[in-house]
Structures are given as C-alpha cells and as structure tokens.
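What the coordinates show
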Amino acid sequence: MSIEQKKIKVWDIPTRLFHWLTVGLLVSLWWTADSGEMEWHQICAYSLMVLVISRLLWGIVGSETSRFTDFVAGPKKVLNYLTGKHSSTVVGHNPLGGYMVLFMLTVLSLQLLSGLFSSDDIFTEGPLYSMVSSDLGAWFTWLHKVNFNVILGCIILHVSVILLYAIKGNNLVTAMISGNKKLTDEEYKMLSKEPKMTSSLIAMMIVALIGLVVGYWLIAPIVAYL
C-alpha cells in the first residue's frame, strides 16, 4: 500500500545557490592552492567571501527555513530531537544540523579572515599581511593551513550524515536541488505551517552590494594583474 505524500517548498533559490556554489568554490580553492595558481586562489576566496557574508545576512532577513532563528535551538530542543520527543515536523535544518551550519559558517569565515593576513612566503600575500608583524602573519598563515583541515573534516562529516539519511529514505540532496520536500500525511498534519519564502530579489540586492564592495577592493586589483 503506497503512502500518500505532499510536496512543500523548503529551500529557496538563494539558499540552494549558496550551498552548491560553496561546494564548487571549495573544490576550486583546494585545486588552485595545490597547483600553485595563487591569483585564482585569491579570486575564488574573495568570491566565497561574497557568498558567506551574503548568507549571514540572509540568515537574518531570508526565508523562514534559512533564518538562524528557525534552526538555532537550545540544548533541550536538540535533546528532544535526538530522543524522538519533538512534537512537530522538522522541514528545514533539524536542531542538530543547525549547529553544524553555524560551525561551518564559522570555520569558513575564519578561513577567509586568516587568508587576508597570510603569506605563502614566495610571491603571494594577503591584502592585510603588511599590517601585522611577521610573527602574527606567520601565525595567521599557520591557522589558514590548519583550519582547512577542519573544513575537510566538516565536509566528511556532512557527506556521511547525508549518506546516513539517504539510507533511512530521506534524500537531502534532492531537496537541496529542487527546493521541495515530500511529507507523509501524518508528517504534514504535524506541520504547524508551511515555511514562508522571502523574495529572491532581496538576496540579489544583498549579493550585488557585497559583491560590489569585495570586487572593487579585493578582486579587481588581482584581475588587473593577470
């Protein structure tokens, strides 16, 4: 006997684009650093900076499931979710996954910040490297390298969780591609209301503004040098 399912909108276009563009840029950052293409490494890094800053702002003014207030929960709510005692259907990030989002945004921000003060001791320096002492610059360079391993660990954990959910029949990848999630009748009845979506035009304005600032200050000088 088939179970009737209802499809609801969970992820807006800006959130999905942030997710997949971040995946692509992280791969590009790894490849450019590994192959010594440091100018392109910086361009990719500053492009990621635009995405991260925009995502932080979208976490305040964006769609309901994208807002920090929707998925950042207290310890009690996390415990109730882990023990199956939650009384409502979770359609966006679950309470535990919410902390993973915060942690990933934190380590990405730390990576971008440390890169501004780092140097490869050969040709490439971050734009703010000259503003700190050589010892502090060396520390930021060390942090930049070590923190990348933390990011790799987060990626491995994230992929592992996605595979675990897929085994249990919850395909998170499909939802992040289409933006829709299928709920059973029982899950839909437990849903207090469908998530409210914010216009993508607001996200476009945010990205355009952040992109203009970062592009003028950081990306344009590198492009002119190429």
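Model, not experiment: these values are computed from the prediction.

Some details on the side chain of Asn-147
Looking at the secondary structure, you find Asn-147 in helix H6 (residues 134-167). The exposure class of Asn-147 is buried, given its relative accessible area of 5%.

Here we look at a nonpolar patch on the surface
A contiguous nonpolar surface patch, about 430 Å² in accessible area, is contributed by Trp-20, Val-23, Val-27, Val-173 and Ile-177. If you list the elements that add at least two residues to the nonpolar patch, you get helix H1 (13-35) and helix H7 (172-178). Tallying contributions element by element places H1 first for the nonpolar patch, with three residues. You can see Val-173 is positioned in helix H7. For Val-173, a relative accessible area of 32% corresponds to the partly exposed category.

Quick look at the side chain of Arg-55
Positionally, Arg-55 belongs in helix H2 (residues 38-61). As a buried residue without a salt bridge, Arg-55 has its nearest oppositely charged side chain in Asp-12, at a separation of 7.4 Å. Apart from residues no more than four positions distant in its own chain, Arg-55 is found in contact with Phe-18, Ser-66, Phe-68, Phe-71 and Leu-105.

Things to note about the pattern of salt bridges
This structure, assessed with the given rule, holds one salt bridge. Between Lys-193 and Glu-64 there is a salt bridge whose closest N-O contact spans 2.7 Å. Here Lys-193 is found in the loop between helix H8 (185-190) and helix H9 (200-225), whereas its partner Glu-64 is found in the loop between H2 and helix H3 (68-71), with 129 residues between them in sequence. Overall, Lys-193 belongs to the partly exposed group, its relative accessible area being 47%. The class for Glu-64 is partly exposed, based on a relative accessible area of 25%.

Regarding H1
An α-helix turns once per 3.6 residues; consequently, residues spaced three or four apart project the same way. The end-to-end C-alpha distance of H1 is 33 Å, a good match for the 33 Å that 23 residues give at a rise of 1.5 Å each. Those residues of H1 that fall on the buried side of the exposure criterion are Pro-14, Thr-15, Arg-16, Phe-18, Thr-22, Leu-25, Leu-26, Leu-29 and Thr-32. Packed against the buried residues of H1 are strand E1 (5-9), H2, helix H5 (95-116), H6, H7 and H9. A positive phi of about 80° marks Gly-36, the residue just after H1.

Quick notes on the environment of Leu-191
Its location among the elements puts Leu-191 in the loop between H8 and H9. Residues Leu-191 and Ala-208, 17 residues apart in the sequence, show an inter-C-alpha distance of 35 Å.

Section: the environment of Ile-155
Along the polypeptide, Ile-155 turns up in helix H6. For Ile-155, a relative accessible area of 31% gives the class partly exposed. Considering only alpha carbons, one finds Ile-155 and Met-104, 51 residues apart in sequence, at a separation of 8.9 Å. Setting aside chain neighbours within four positions, we find Ile-155 in contact with Leu-26 and Met-104.

Calculation criteria
Per chain, residue numbering runs from 1 following the sequence as it is written. Thresholds applied to this predicted model are a pLDDT of at least 70 for local features of residues and 80 or more for the giving and counting of side-chain atom pairs; totals over whole chains, interfaces and linings are not thresholded and use all residues. Note that the side-chain values use all heavy atoms of the structure and ignore hydrogens as well as water. Segments assigned H or I by DSSP are reported as helices when at least four residues long, segments assigned E as strands when at least two residues long, and all are numbered from the N terminus. Per-residue accessibility, obtained with a 1.4 Å probe over protein chains only, is compared with the maximum for each type, and a residue is labelled buried under 20%, exposed over 50%, and partly exposed between these values. Two distance rules govern patches: like charges are joined within 9 Å, and nonpolar side chains (Val, Leu, Ile, Met, Phe, Trp, Tyr) within 5 Å, applied only to residues with over 30% relative accessible area and no salt bridge. In short, Shrake-Rupley with a 1.4 Å probe defines the accessible areas, and a residue's cover is counted only from the protein chains shown. Whenever Lys or Arg places a side-chain nitrogen within 4 Å of a carboxyl oxygen from Asp or Glu, that contact is recorded as a salt bridge. By the counting rule applied here, Lys and Arg register as positive and Asp and Glu as negative, while His and the ends of each chain are not counted. Note on contacts: a residue pair is in contact if any heavy atoms of the two residues lie within 4.5 Å. To estimate how far a helix should reach, multiply one less than its number of residues by 1.5 Å.

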